[in-house]
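# Analysis of the macromolecular model
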Amino acid sequence: MRSLDLHPLFRNERDIDRAVRQIIFKAAATKADLVEIIPGKGRGQLRARVLAMLGQPQLKKLYVRYEVDPSNEGRILVRFR
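Attention here is on the structure that accompanies the text. (Residues numbered from 1 in each chain as written. Predicted model: local features only at pLDDT ≥ 70, side-chain atom pairs only at ≥ 80, totals over all residues. Heavy atoms only, no water.)

## Quick word on the layout of surface pockets
Where we set the bar: The pocket and cavity definitions rest on a 1 Å grid over protein atoms only: a 1.4 Å probe that fits but cannot leave marks a cavity, an open set with protein on both sides within 12 Å along at least five of seven lines marks a pocket, and residues lining either have an atom within 4 Å of a point. Grid points are joined across faces, edges and corners, and a volume is the space filled by probe spheres set on the points. Numbered from the N terminus, helices here are DSSP runs of H or I no shorter than four residues, and strands are runs of E no shorter than two. Asp, Glu, Lys and Arg are counted as charged, while Ala, Val, Leu, Ile, Met, Phe, Trp, Tyr, Cys and Pro are counted as nonpolar; the rest, among them Gly, fall into the polar class.
The space that makes up the largest pocket amounts to roughly 320 Å³. Every residue lining the largest pocket is counted, 16 residues in all, and those nearest its centre are F10, P39, Q45, L46 and R47. With four residues, helix α2 (residues 45-54) is the single largest residue contributor to the lining of the largest pocket. Split into classes, the residues belonging to the lining of the largest pocket amount to four nonpolar, six polar and six charged.

## Quick notes on the nonpolar core
Soluble globular proteins tend to pack their nonpolar side chains together in the buried interior. Applicable threshold: Here, the term nonpolar core denotes a set of buried Ala, Val, Leu, Ile, Met, Phe, Trp, Tyr and Cys residues that are joined through side-chain atoms within 4.5 Å. Partly exposed describes any residue whose relative accessible area lies between the buried limit of under 20% and the exposed limit of over 50%, with all areas from a 1.4 Å probe on protein chains only and scaled to the type maximum. Pairs of residues are marked as contacts when any of their non-hydrogen atoms sit within 4.5 Å.
Of all hydrophobic cores here, the largest spans 20 residues; its most connected members are L6, V20, I24, I37 and V78. Of all the secondary structure elements, the ones that give two or more residues to this core are α1 (13-29), β2 (34-38), α2 and β4 (76-79). Per-element tally for this core: the top contributor is α1, with six residues. With near-sequence residues (within four places) excluded, I24 lies in contact with L54, L59, L62, V78 and F80.

## Points about the sheet that holds β4
The strands that make up a sheet are held in pairs by hydrogen bonds between backbone atoms, and each pair lies either parallel or antiparallel. For clarity, the threshold we go by: Strands are labelled as partners when DSSP assigns at least two bridges between them. Lines are fitted to the C-alpha atoms to define the axes, a helix being fitted only along its stretch in contact, and any angle between axes, read from their N-to-C directions, falls within 0 to 180 degrees.
Sheet architecture is open: four strands sit in the order β1-β2-β4-β3, paired in mixed fashion. Each of the sheet's edge strands pairs with one partner strand only, and the pair in question is β1 (2-5) and β3 (65-68). Within this sheet the neighbouring strands show an average axis-to-axis angle of 15°, counted without direction. The pairing of β3 with β4 spans four bridges and is antiparallel. Residue pairing in the sheet places E67 in a bridge with L77 of β4. Lying over the sheet, α1 contacts β1, β2 and β4, oriented at roughly 180° with respect to β1. Of the strands in this sheet, β2, β3 and β4 are in contact with α2, which crosses β4 at around 15°.

What follows is the structure, encoded as structure tokens:
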């Protein structure tokens, strides 16, 4: 499982976008099963941004599904084939 913690990047939107794209593309290329993205709980703005990115067609075609961890809403799990 690959993991991406967005806490250090939360102030720079360009870095957030780049980091999420990189981990999704890398996971798809290496045939990873699962990626964990940690936007944190906070007010939910960062989580909403990540979820919107995951809805983009160029990323959506690379994974099977994503879910917000039911036991920890500050964690998004992206599942691949």
